Amino acid sequence: LLSVRPVVALVSALAFGFSRVFWSQAVVAEVYTLLIFFMAAASYFLVRWHLERRDRDFYVATALYALSFGNHLLAITLLPAFICLVVVTDKRVFVQPKKVFWVAGVVVL
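Cut-offs and rules
Residues numbered from 1 in each chain as written. Predicted model: local features only at pLDDT ≥ 70, side-chain atom pairs only at ≥ 80, totals over all residues. Heavy atoms only, no water. Helix = DSSP H or I, 4+ residues; strand = E, 2+ residues; numbered from the N terminus. Buried < 20%, exposed > 50% of the residue type's maximum accessible area, 1.4 Å probe, protein only. Areas by Shrake-Rupley, 256 points an atom, 1.4 Å probe, with all protein chains shown as cover. Phe/Tyr/Trp six-rings, centres within 6.5 Å; stacked < 30°, edge-to-face > 60°. Contact = heavy atoms within 4.5 Å. Core = buried A, V, L, I, M, F, W, Y, C linked by side-chain atoms within 4.5 Å.

Novice: Hey, could you run me through the overall build of the chain in this one?
Specialist: On a plain count of helices and strands, the chain comes out with six helices and zero strands. Along its sequence from the N terminus, the chain presents helices and strands in the succession α-α-α-α-α-α. With the principal axes as the frame, the chain shows a C-alpha extent of 45 × 35 × 20 Å. Here the chain holds 109 residues, and 27% of them are scored as buried. Carbon and sulfur atoms make up 74% of the accessible area of the chain, which totals about 7,500 Å².

What follows is the structure, encoded as structure tokens:
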């Protein structure tokens, strides 16, 4: 999605996947494994929305991000990046009633 060379993507994935801290948290039945899933999935759909401008990707990203707060409040650390990418992609999102109500609805849910 980010148009990097396959070698760079492979090395990055292997470095992340085989890091000691990641695996120490991934093999324990804790909240962090599900949090990583929510953060990665929300980031994926947000970047996809940034590149393709399909509203469905924005709605899925916001829903996954809102659900991540039910898992662990550490998800708040993604909020500045989430807002920054939305501003860079389309500032009008903050004044479009349908999107504002969607975001408010999934946050309240």
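Novice: For this particular structure, what's the right way to read the packing of aromatic side chains?
Specialist: By convention here, two paired aromatic rings are described through the distance between centres and the angle between planes. Counted according to the given criterion, the structure contains seven aromatic pairs. Aromatic pair Y65 and F69: ring centres 5.0 Å apart, planes at 70 degrees, arrangement edge-to-face. A residue pair is termed a helical-turn pair when its members lie 3 or 4 positions apart in one helix, as Y65 and F69 do in helix α4 (residues 55-71) at four residues. Looking at F69, the relative accessible area reads 28%, which means it is partly exposed. Geometrically, the ring pair formed by Y65 and F82 is stacked, given 5.0 Å between the ring centres and 15 degrees between the ring planes. With Y65 in helix α4 and F82 in helix α5 (residues 79-89), the pair connects residues that are 17 residues apart, well separated along the chain.

Novice: Hey, could you run me through the side chain of D90 in this one?
Specialist: When you line up the elements, D90 lands in the loop between α5 and α6 (97-108). A relative accessible area of 12% places D90 in the buried class. Ignoring anything within four residues of it in the chain, the contact list for D90 reads W49 and Q96.

Novice: Before we go on, may I ask you to explain the nonpolar core in this structure?
Specialist: Grouped burial of nonpolar side chains is what soluble globular proteins tend to show. Judged by nonpolar contacts, the single largest core of 18 residues is most densely connected at L46, W49, F58, L64, Y65, F82 and V86. Mapped onto this core, the elements with two or more residues apiece are α3 (32-52), α4 and α5. Looking at this core element by element, the count peaks at eight residues for α3. Setting aside anything within four residues of it in sequence, one finds F58 in contact with W49, V86, V93, K99 and V103.

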